[in-house]
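# Structural overview for review
So you can see what is in the structure, the chains are spelled out below.
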Amino acid sequence: MAMSRAHTLAFILSFLLAFALGTFLPAARAQPADDQPMVRVAAVAERTQTAPGDTFAIAVRFAFKEHFHIWPNNPVKPKGLDDLEPIPTLITLAPTPPLPAGVRVFAQQSQWPKPDEITVSFGPTPMTITSYAHPFVAFVPVQIAGDAKPGDLTIPLTVSYQACNESNCFAPEEGALTVTLTIAPPGTQTADAEPTLFM
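Conventions used here
Residues numbered from 1 in each chain as written. Predicted model: local features only at pLDDT ≥ 70, side-chain atom pairs only at ≥ 80, totals over all residues. Heavy atoms only, no water. Buried < 20%, exposed > 50% of the residue type's maximum accessible area, 1.4 Å probe, protein only. Helix = DSSP H or I, 4+ residues; strand = E, 2+ residues; numbered from the N terminus. Pairing = 2+ DSSP bridges. Disulfide = S-S within 2.5 Å. Polar contact = N/O pair within 3.5 Å; in protein donor to acceptor, adjacent residues only side chain to side chain. Contact = heavy atoms within 4.5 Å. Phe/Tyr/Trp six-rings, centres within 6.5 Å; stacked < 30°, edge-to-face > 60°. pLDDT = per-residue confidence, 0-100. Axes fitted to C-alpha atoms, helices over the stretch in contact; angles between N-to-C directions.

Most of strand β4 (residues 55-64) is tucked away: 8 of the 10 residues are buried. For strand β2 (residues 39-45) and β4, the ladder comprises 7 bridges, and the chain directions are antiparallel. Within β4, the residue paired with A42 across the bridge is R61.

Attention now moves to the sheet that holds strand β15 (residues 191-192). Read across the sheet, 5 strands follow the order β6-β11-β14-β3-β15 without closing on themselves; strand pairing throughout is mixed. In this open sheet, the two edge strands, each paired with only one partner strand, are β6 (90-93) and β15. By the bridge criterion, 2 bridges tie strand β3 (residues 47-50) to strand β14 (residues 173-183) in an arrangement that is parallel. Of the residues in β14, the one forming a bridge with Q49 is T182.

Now for the state of the cysteines. Tallying each qualifying case throughout the model produces 1 disulfide. Paired through a disulfide, C164 and C169 show a sulfur-sulfur distance of 2.2 Å. Taking the sign of the S-S torsion, 95 degrees for the link of C164 and C169, the bridge is right-handed. Each member of the pair, C164 together with C169, is buried.

Turning our attention to the side chain of H69. Among the structural elements, H69 can be located in strand β5 (residues 69-70). Polar contacts involving the side chain of H69 include one to the side chain of S131, which spans 2.8 Å. For H69, the side chain forms a polar contact with the main-chain oxygen of N165, separated by 3.2 Å. Among residues more than four places away in sequence, those in contact with H69 are F64, I118, V120, F122, I129, S131, Y132, A133, Q162, A163, C164 and N165.

A separate point is the packing of aromatic side chains. For the structure shown, the criterion picks out 9 aromatic pairs. Within the aromatic cluster, the residues linked to one another by ring pairs are F62, F64, W112, Y132 and F136.

Okay, the confidence of the model for the chain next. Per-residue confidence for the chain averages 84 on the pLDDT scale, and 82% of its residues sit at or above 70. The low-confidence segment residues 1-30 (pLDDT under 50) makes 51 contacts with residues lying over four places distant or belonging to another chain.

Moving on, we come to the pairing of β3. Across a regular strand the side chains alternate sides, sitting on one face of the sheet and then on the other. The sheet contact formed by β3 and β15 spans 2 bridges and is antiparallel. Bridge assignment links Q49 to a residue of β15, and that residue is A191.

Now for the sheet that holds β2. Read across the open sheet, the 4 strands follow the order β2-β4-β10-β7; overall the sheet is antiparallel. Edge strands, defined here as strands with exactly one partner in the open sheet, are β2 and β7 (103-105). Each adjacent strand pair in this sheet contributes to an overall mean axis angle of 20 degrees, direction not counted. By the bridge criterion, 8 bridges tie β4 to strand β10 (residues 136-144) in an arrangement that is antiparallel.

Have a look at this one:
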């Protein structure tokens, strides 16, 4: 996954400020040198086939390497680390390929589960923070207008996050996800992909 330049610059500035103030912050480090990713992300649409007038969701699944976690989409700054700026986990609609007319993706209205409370050692003493530390799913709403034209539909998403372990935070990462399905003619029955996932 490609790192966001803006997020990387933000961490460099945070580190320099912390050094000047003599404040310890978890360093933004490179990803550990092994074959197992810190975070695994995948997406699946609720439908394999949709139709004009339909609404459905895209499930974005997150899973973690042992002892790793990511900040929530609306992170809370840990007490005692005032100079730390937690980087939120975000799902956004990518600009390409463009969506066809009549298709709307409400990424900013994604439904996120409640984060976990975990203990970390970012400072001289252990502290409790809110974070996603266990596999979870976020849901992105999608709406198909009544006049949408039938055909193949590709929905491109971008997921960005910062992974941490018990003592360090790592450089932010960003990756692309794509879901594909079909818009059937009006009146066609929709077809679900994984019904139990969207219950």
